[in-house]
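Architecture at a glance
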Amino acid sequence: MATIESATEKGLQARIVDALVHRIGKDAQAALPHDWLAATIYALRDDIIERWMISSKAAHAAGAKRVYYLSLEFLIGRLLRDALSNLGVSEEVRAALAEHGVDLDEIEEIEPDAALGNGGLGRLAACFMESLATLDIPAYGYGIRYVNGMFRQRIDDGWQVELPENWLAHGNPWEFERRESAYRIGFGGEVIGDIDGRIEWRPAEQVIATAVDTPIVGWRGKRVNTLRLWNAFPVDPIRLDAFNAGDHAGALAEQVRAESLVRVLYPADSTAAGQELRLRQEYFFSAASIQDILRRHMQYHGDIRTLPDKVAIQLNDTHPAVSVAELMRLLMDDHGLELPDAWTITRKTFGYTNHTLLPEALESWPLPLFERMLPRHMQIIYAINAMVLREARLSKKLDESAISAISLIDEGGERRVRMANLAFAGAHSVNGVAALHTELMKQTVFADFHRLYPERINNKTNGVTPRRWLLECNPGLTDLIREAIGDRFMDDAEELVDLAAFATDGAFAERVGAIKRANKEALANHLRVHMGIRLDPAAMFDVQIKRIHEYKRQLLNLIETVALYDQIRSHPERDWMPRVKIFGGKAAPSYHNAKLIIKLANDIARRVNSDPSVGGLLKVVFVPNYNVSLAEKIIPAADLSEQISTAGMEASGTGNMKFALNGALTIGTLDGANIEIKDRVGDDNIVIFGLTADEVAEKRANGYNPREVIEGSRELQQAVSAIASGVFSPDDPGRYADLIGGLYDHDWFMVAADFESYSHAQRAVDQRWSDPSQWQASAIRNIANVGWFSSDRTIAEYAKDIWGVL
Ligand SMILES: *Cc1c(COP(=O)(O)O)cnc(C)c1O
């Protein structure tokens, strides 16, 4: 710790130059911005390493229980600003760099975004890692070090194009390779039982998993935890005989096969090969992580039976669910435990977080694929299943159809292994991520499991780290809040509540408004430079940024945009409030309608933005390649936050929390955490519309006629027929016929059903916007009342209720 406190400006400056010379091999004259970035990270790293070692030694000395967070995604974004801010050395480093004419903001801006995730689930894992360190909980994150991560999105002529994300092109100075932490991971082969009843799995194929560690610094540098990501290597990098015989590609096949494991997140699973790769990835990182956890446990504690006292493993969704079978395998085959004992230990060790009720997201694997790749695990899953089903029958709580619903094997049609059921059965805690979502879990996907194990399901409403999502992304607002209520909120976000007293203070509200305005100018400037578009920062910035998915209903927003465009043109005399509609988000590469929705947003943007008859009243922007760094720029500049999913379908949302924390008002449905945000900010400071989850379910069950709804609303009908008939796609008039046809036919996502309510809500938003002091008062009440959505609160709940730490 002493190094930081004693690091004078000169000391840090000297260390940065030292890193530049000795680690990068350049002097200050020759250094390029990337070299300064790397040198700054190296200099900072030395301080972090010391704290890192102190943290792990302290945990070891205390014999502390450790938390392991297994996740296929960690959407951590850039790390430099986060580390500087959490260590409290931002201004020192800024001054040190300035001595060499280097601007800290500029080098922060060239740090690549670690896009090792897709959306909310991956960002949650990143916020959780930061909060675990902040709360001083010894924890490891485990995942995969994807060389290309999630794809980079380019928009070509309005269409999404997927490009490889080359985030490691300049190396990664944050990483520590741990070649000594290496494990063999097997696939395929056969299972041999000997006469003593010992069982041996002889895999046909093996790869080596090696650890790459990234330090995660908690707030005020209290603790540094480890994000451990697995890299894959072949056992034999090259077959020399084949190479010398001229088969150069064949000689390297094993290398290519290993590398493909860690190449990209979510390889398309539309082909059998893609499906197989996905399951291989899941097993690869689960097996490496469980082996590493057991190795550490045995090294520190020496007794496998104390595992649940010293180890809590949280499964972030079902992607790592095969870990349940892997732990069982190691307990029985390597540590010699009997099945029932192994099962007791396993269940006490795991917790499982469910993130979605969407049927297509509940993973299951064709049984032949699973059995071929993991024959021993398949045996173990059968054995677990027998125990679970026996327990269910003995309980007399379930009838036969309920028993087949909880089975780990889906027997209907092609047999499949159900990963959610494996995770549920293998965990002592199963949690949802917002109150409504948890209730729906009990009523729908896990209704039968819930009857059998009524204590198991619990709620942990998501949160976001206020360091990244307020202090770092919105320094202007942070300074103003400190001036008003002091610094306590920086250690406990719920202290923000003191700000509520300022909601009616006109002078204060004006200053909040001025900061928002400055953030909007900065965003407008960024988009002018990067997209060549000019936006008026005086207009309302109305933002929907998130993965593109039909349930998130970007289409509802776009149809309303078209309706508004019509209205403005038909009634130019009315008092319209100027708006900028900002969209951003990636579509899964094989998700046809989502990609079409991106094209539609761009088609609408082109038409509306070049139509002089709307004047400056409406602009539409689709910002390419939405990621964490863009979110950090867009959210502080947003006036209106679009959280408009079909009720019952967004498990929680975390974007909604980030916007409210930065003073945007929400327009949203009663879905996910929107409900809890509404409860906290109050009905007058949020705009709620649309069907409730119960009403959606009722409509789906009792038949709903979207055609009738569309034909009953002139505004909606005009908007959808304009889209369907090619008004926005004159180059291909039929482009949207099927997309809009789907609305008439079934409209599963209730776009038509909610349109009128949404459109009214938008005009109510206009009304509020026309009174700036009322708007600002609401913005302040949002900031003041959403401190509860800090991931520190969420993690404290996991720690107490699930992990038994704290
Ligand atoms: C917060 C965040 C998300 C999640 O947004 P939702 O609106 O909750 O879906 C997705 N991507 C990024 C980059 C984020 O920062």
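Residues numbered from 1 in each chain as written. Predicted model: local features only at pLDDT ≥ 70, side-chain atom pairs only at ≥ 80, totals over all residues. Heavy atoms only, no water.

As recorded in an unreviewed UniProt entry, the protein chain goes by Alpha-1,4 glucan phosphorylase and comes from Sphingobium lignivorans. Among the UniProt annotations of the protein chain, the heading Cofactor (unreviewed entry) holds the following wording: "pyridoxal 5'-phosphate". According to the UniProt record, the Catalytic activity (unreviewed entry) comment for the protein chain is "[(1->4)-alpha-D-glucosyl](n) + phosphate = [(1->4)-alpha-D-glucosyl](n-1) + alpha-D-glucose 1-phosphate". (UniProt positions renumbered as here; feature names shortened; annotations may be inferred.)

Section: the state of the cysteines
Under the counting rule described, the total for this entry stands at zero disulfides. Counting only cysteine sulfurs, C473 is the nearest neighbor of C127, a cysteine outside any disulfide, at a range of 11 Å. Of the residues examined, C127 reaches a relative accessible area of 1% and is grouped as buried. (Disulfide = S-S within 2.5 Å. Buried < 20%, exposed > 50% of the residue type's maximum accessible area, 1.4 Å probe, protein only.)

Some details on the sheet that holds strand β11 (residues 224-234)
Here we have nine strands laid out as an open sheet, ordered β7-β10-β11-β4-β1-β12-β13-β17-β18, and mixed in their pairing. Where the open sheet ends on each side, the last strands, each with one partner, are β7 (176-187) and β18 (457-459). Neighbour to neighbour, the strand axes of the sheet diverge by 25° on average, direction disregarded. Alignment of strand β1 (residues 66-70) against strand β4 (residues 139-144), held across four bridges, turns out to be parallel. Along β4, the bridge assignment pairs Y69 with G141. Here helix α3 (residues 33-61) sits on the sheet in contact with β1, β7, β10 (205-217) and β11, set at roughly 100° to β11. (Pairing = 2+ DSSP bridges. Helix = DSSP H or I, 4+ residues; strand = E, 2+ residues; numbered from the N terminus. Axes fitted to C-alpha atoms, helices over the stretch in contact; angles between N-to-C directions. Contact = heavy atoms within 4.5 Å.)

Considerations on helix α13 (residues 322-334)
The end-to-end C-alpha separation of α13 is 17 Å, in line with the 18 Å expected for 13 residues at 1.5 Å each. Within α13, 12 of the 13 residues are buried, which leaves it mostly tucked inside the rest of the structure. Along α13, the residues that are buried comprise V322, S323, V324, A325, E326, L327, M328, R329, L330, L331, M332 and D333. Two residues or fewer after α13 comes G336, characterised by a positive phi angle close to 70°. (Expected span 1.5 Å × (residues − 1).)

Describing the side chain of T226
With respect to the helices and strands, T226 occurs in strand β11. Residue classification places T226 among the buried residues on the basis of a relative accessible area of 8%. In terms of polar contacts, T226 uses its side chain to reach the side chain of W52, at 2.8 Å. For T226, the contacting residues outside a window of four places in its chain are W52, M129, A139, Y140, G141, D213 and T214. (Polar contact = N/O pair within 3.5 Å; in protein donor to acceptor, adjacent residues only side chain to side chain.)

Thoughts on the packing of aromatic side chains
Per the counting criterion, the structure on display carries 21 aromatic pairs. An angle of 20° between the planes, with centres 6.5 Å apart, marks the rings of F449 and Y453 as stacked. For the pair W769 and W775, a centre-to-centre distance of 4.9 Å together with 90° between the ring planes defines the contact as edge-to-face. For the pair W769 and W775, one class covers both residues: buried. Following the ring pairs from residue to residue traces out a cluster consisting of Y68, Y140, Y142, Y183 and W230. (Phe/Tyr/Trp six-rings, centres within 6.5 Å; stacked < 30°, edge-to-face > 60°.)

Observations concerning the sheet that holds strand β24 (residues 687-688)
Spatial strand order, β21-β20-β19-β22-β23-β24: six strands in an open sheet with parallel pairing. Here the strands that pair on one side only, and so sit at the sheet edges, are β21 (618-623) and β24. Lying over the sheet, helix α23 (residues 506-531) contacts β19 (540-545), β20 (579-584) and β21, oriented at roughly 65° with respect to β21.

Section: the packing of helix α33 (residues 751-769) against helix α34 (residues 772-785)
Describing two packed helices takes the angle between their axes plus the distance from one axis to the other. Running from N to C, α33 and α34 cross one another at 105°; their axes reach a closest spacing of 6 Å. Between α33 and α34, the angle is such that the two are roughly perpendicular. Taking contact as the criterion, the partners of V765, R768 and W769 in α33 are, on α34, P772, Q774, W775 and S778. Here the contact of α33 with α34 is built from residues that sort into four nonpolar, two polar and one charged. (Parallel < 35°, antiparallel > 145°, perpendicular 65-115°, else oblique. Nonpolar A, V, L, I, M, F, W, Y, C, P; charged D, E, K, R; others polar.)

Quick notes on the environment of S773
Structurally, S773 can be placed in helix α34. Take S773: its relative accessible area is 51%, and that puts it in the exposed class. Between the C-alpha atoms of S773 and T504, which are 269 residues apart in sequence, the distance is 8.4 Å.

Overview of the site of the ligand
Looking at the ligand, there are 14 residues lining it, with K546, K552, T654, G655 and K658 nearest. The separation between an oxygen atom of the ligand and a polar main-chain atom of G655 is 3.0 Å. Side-chain polar atom of K658 to an oxygen atom of the ligand: 2.6 Å apart, as the coordinates give it. When isolated, the ligand has an accessible area of 390 Å², and the protein chains bury 97% of it. Looking at the shell around the ligand, the elements that each hand over two or more residues are α7 (120-134), α26 (628-634) and α27 (655-661). Per-class residue counts for the shell around the ligand are four nonpolar, six polar and four charged. (Near = heavy atom within 4 Å. Areas by Shrake-Rupley, 256 points an atom, 1.4 Å probe, with all protein chains shown as cover.)

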